[in-house]
Amino acid sequence: MSVGQGSTGVHAPPAGAQGSAGITYTTVDESYFEARRLKRHARVWSLWALGVGAVISGHYSGWNLGLANGFGSMFFATIIIAIMYLGLTFSLAEMSPALPHTGGAYSFARTSMGPWAGYVTGIAENIEFVLTPAVIVFFIGSYLSAIFETAPAFQPVYWVLCYALFVGLNIIGVELSFKVTVGVTLAALAVLAAFYLSVLFSGQFDFSRWALNIGPDGAEMPNGNGPFLPMGVGSILASLPFAVWLFLAIEQLPLAAEESHDPQRDMPKGIIAGILTLIASAFLVLFLNTGIAPGAAGLGKSGEPLLDGFRTLFGTDIAKILAAVAVIGLIASFHTIIFAFGRQIYSLSRAGYFPSFLSVTHGGRKTPHMALIAGAVLGLVVMLIIWFARGAEAGATVIGGTLLNMAVAGAMLAYFMQGMSYIVLKKKFPSLHRPYTSPFGIAGAVICMVIAAVTLYFQLTDSVFQTAVIGVAIYYAVMMAYFLLIGRHKLILSPEEEFALTKGESEYKSH
């Protein structure tokens, strides 16, 4: 059976499904799925690269803003967020091979809690995956502006070129897409490894002098040796949203399930290997980047902490070369998250939640080109509207702040729903075949949900994020209105829906 196809010639819901929860299914024939095929290509190595590559730009910049609360706050926040992601990823490692569909988070929520919960979860993840590459390409443009000494007004040209290039690579074929993913991910990790080794052998690492150079009043202490928690224990919670950037987007891996040769075997290995790689790199960059000049005080307000570290080690004369090196991590995440929004939009469209034309795949290459183009256009249009409406300087603040926080908000909502999906699946479908079982079980999912909720709450205390809440609310209102008026009457028996309505429901009734 080809990927994206069902097992019968005509795809109609089982008796009694119509009208459930206000949902109506449209009957389609095999030609519908014939136009929406995907190719299987990925194995463990590719899946590992996809997960690590999506996150790695967060080790280059973004995380460091949490240092404004002191090194100790960021250190403990990183531990807490790492625990959240362990709970999340091990839950995904169990759910994904049990439900090996491209829908990922939407699929888990749909099977466990119904179509409305599936759609709410899908929208949360859609916000994350469409806006995160928009923020990343903004930073890529900033680096390229510094390298080529172009005016700020030229920034949008870099955005368009980057989207065109990497959407094109994703459309050409899944084989090329994964080869590029492996290549840029290894290159990004190599840059980080070179930095870590350079710090260790430079003789410039002095933890007390640099990492502890923030006083209780927030001012820089010239000689360092300040308190580990200068702002008190409460500041740990304020650093949580910044620690998220060290791991954000690892959860996209289940979206590659239908393009994996053996998702039931390879998906758990890829997810677990990915999160362990990221945890190791996260603590290395936290200690080694902060343990050299300019230290916590300087990095806490830097837009390019890794580049600042390279400048300390090698001087400013080679700044352009270093900036080009630093761009590699941003490119790795940009490319891999484009893959993610393409598959996420594709799966929701194939099932009828989004307009079905968005899930049509390229005739020869079998890549979701319509979904890839739609996600790119949406992210780019949002950026251009902000840029030209607010001006270059104010627009940069909105894109780098508000959109970034909207992406994190979508992620926290999606994590909460995925934790809930795991718990309900364990309770509702105890006999579901699970090729892998999380060692953390329900406790891991609960911890993930609690930390995600707390992180979201502390984002609400940030004035920049409060603006982002309005954007998230507006997007949700528009998308929920679409589903209420149109989408819920056009659902289609995709693999996710077929499983939920047949295998899932039959198991539930048997218990």
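Residues numbered from 1 in each chain as written. Predicted model: local features only at pLDDT ≥ 70, side-chain atom pairs only at ≥ 80, totals over all residues. Heavy atoms only, no water.

Regarding the overall build of the protein chain
From N to C terminus, the protein chain includes 19 helices and four strands. A compact globule built from 511 residues should have a C-alpha radius of gyration of about 24 Å, and the protein chain, at 23 Å, falls within 12% of that. Structurally, the protein chain occupies a C-alpha span of about 75 × 45 × 40 Å along its principal axes. Within the protein chain, residue pairs in contact and separated by at least 24 positions form 81% of the contacts whose partners lie at least 6 positions apart. Accessible area of the protein chain: about 17900 Å², with a carbon and sulfur share of 69%. Measuring between centres, the 26 positive side-chain charges of the protein chain sit 7 Å from its 26 negative side-chain charges. (Helix = DSSP H or I, 4+ residues; strand = E, 2+ residues; numbered from the N terminus. Rg over C-alpha atoms; globule rule 2.2 N^0.38 Å. Contact = heavy atoms within 4.5 Å. Areas by Shrake-Rupley, 256 points an atom, 1.4 Å probe, with all protein chains shown as cover. Lys, Arg positive; Asp, Glu negative; His and termini not counted. Charge placed at Lys NZ, Arg CZ, Asp CG, Glu CD.)

Points about the confidence of the model for the protein chain
With 94% of its residues at a pLDDT of at least 70, the protein chain reaches an overall mean of 90. Low pLDDT (under 50) marks residues 1-8, which in the prediction has 21 contacts with non-local residues, meaning those over four places away or in another chain. (pLDDT = per-residue confidence, 0-100.)

Considerations on the side chain of Ser91
By the secondary structure assignment, Ser91 is in helix H3 (residues 71-98). When its relative accessible area of 3% is taken as the criterion, Ser91 is described as buried. In this structure Ser91 touches Tyr422, Ser438 and Ala445, once residues within four positions along its chain are discounted. (Buried < 20%, exposed > 50% of the residue type's maximum accessible area, 1.4 Å probe, protein only.)

A short note on a nonpolar patch on the surface
A cluster of nonpolar residues, Phe76, Ile79, Ile83, Phe228 and Ile447, forms a patch on the protein surface that exposes about 370 Å² of accessible area. Considering every element that reaches the nonpolar patch, the biggest residue donor is H3, with three residues. Within the secondary structure, Ile83 sits in helix H3. By relative accessible area, which is 41% here, Ile83 ends up partly exposed. (Patch = residues over 30% accessible without salt bridge, like charges linked within 9 Å, V, L, I, M, F, W, Y side chains within 5 Å. Salt bridge = Lys/Arg side-chain N within 4 Å of Asp/Glu carboxyl O.)

Looking at the packing of aromatic side chains
Following the criterion strictly, the structure yields 32 aromatic pairs and no others. Residues Phe76 and Phe228 carry aromatic rings whose centres are separated by 5.9 Å and whose planes lie at 80° to one another, so their mutual orientation is edge-to-face. Here Phe76 is found in helix H3, whereas its partner Phe228 is found in the loop between helix H8 (207-211) and helix H9 (235-238), with 152 residues between them in sequence. Phe76 gets classed as partly exposed once you look at its relative accessible area, which sits at 31%. By relative accessible area, Phe228 is classed as partly exposed at 32%. Ring geometry for Phe138 versus Trp159: centroids 6.4 Å apart, planes at 55°, classification tilted. (Phe/Tyr/Trp six-rings, centres within 6.5 Å; stacked < 30°, edge-to-face > 60°.)

Some thoughts on the packing of helix H2 (residues 44-55) against helix H14 (residues 319-350)
Look at H2 against H14: their axes get within 7 Å of each other, and the N-to-C directions meet at 120°. On the basis of the axis angle, H2 is oblique to H14. Along this stretch, H2 crosses H14, giving a crossing that reads as left-handed. On H14, the residues that touch Ala49, Leu50, Gly53, Ala54 and Val55 of H2 are Ala332, Ser333, Thr336, Ile337 and Phe339. Class assignment for the residues of the contact of H2 with H14 results in seven nonpolar, three polar and no charged. (Axes fitted to C-alpha atoms, helices over the stretch in contact; angles between N-to-C directions. Parallel < 35°, antiparallel > 145°, perpendicular 65-115°, else oblique. Left-handed = near helix turned anticlockwise from the far one by under 90°. Nonpolar A, V, L, I, M, F, W, Y, C, P; charged D, E, K, R; others polar.)

Some details on unusual backbone geometry
A cis amide bond, omega 5°, links Ala293 with the succeeding residue Pro294. Residue placement: Pro294 occurs in the loop between helix H11 (263-290) and helix H12 (295-299). With a phi angle near 55°, Glu149 is a residue other than glycine that sits in the positive phi range. Structurally, the position occupied by Glu149 is in the loop between helix H5 (115-148) and helix H6 (155-172). By relative accessible area, Glu149 is classed as exposed at 60%. Residue Ala249 is not a glycine yet carries a positive backbone phi of 100°. By the secondary structure assignment, Ala249 is in the loop between helix H10 (240-243) and H11. Residue Ala249 is classed as buried on the basis of its relative accessible area, which comes to 1%.

Things to note about the packing of H14 against helix H15 (residues 369-390)
When two helices pack together, their arrangement is captured by the angle between the axes and the distance separating the axes. Two elements in contact, H14 and H15, have axes whose closest approach is 8 Å; the angle formed by their N-to-C orientations is 115°. Of the possible angle classes, the one that applies to H14 and H15 is roughly perpendicular. Relative to H15, the crossing made by H14 is right-handed. Across the interface between the two elements, Ile338, Phe341, Gly342, Arg343, Ile345 and Tyr346 of H14 pack against Ala371, Leu372, Gly375 and Ala376 of H15.

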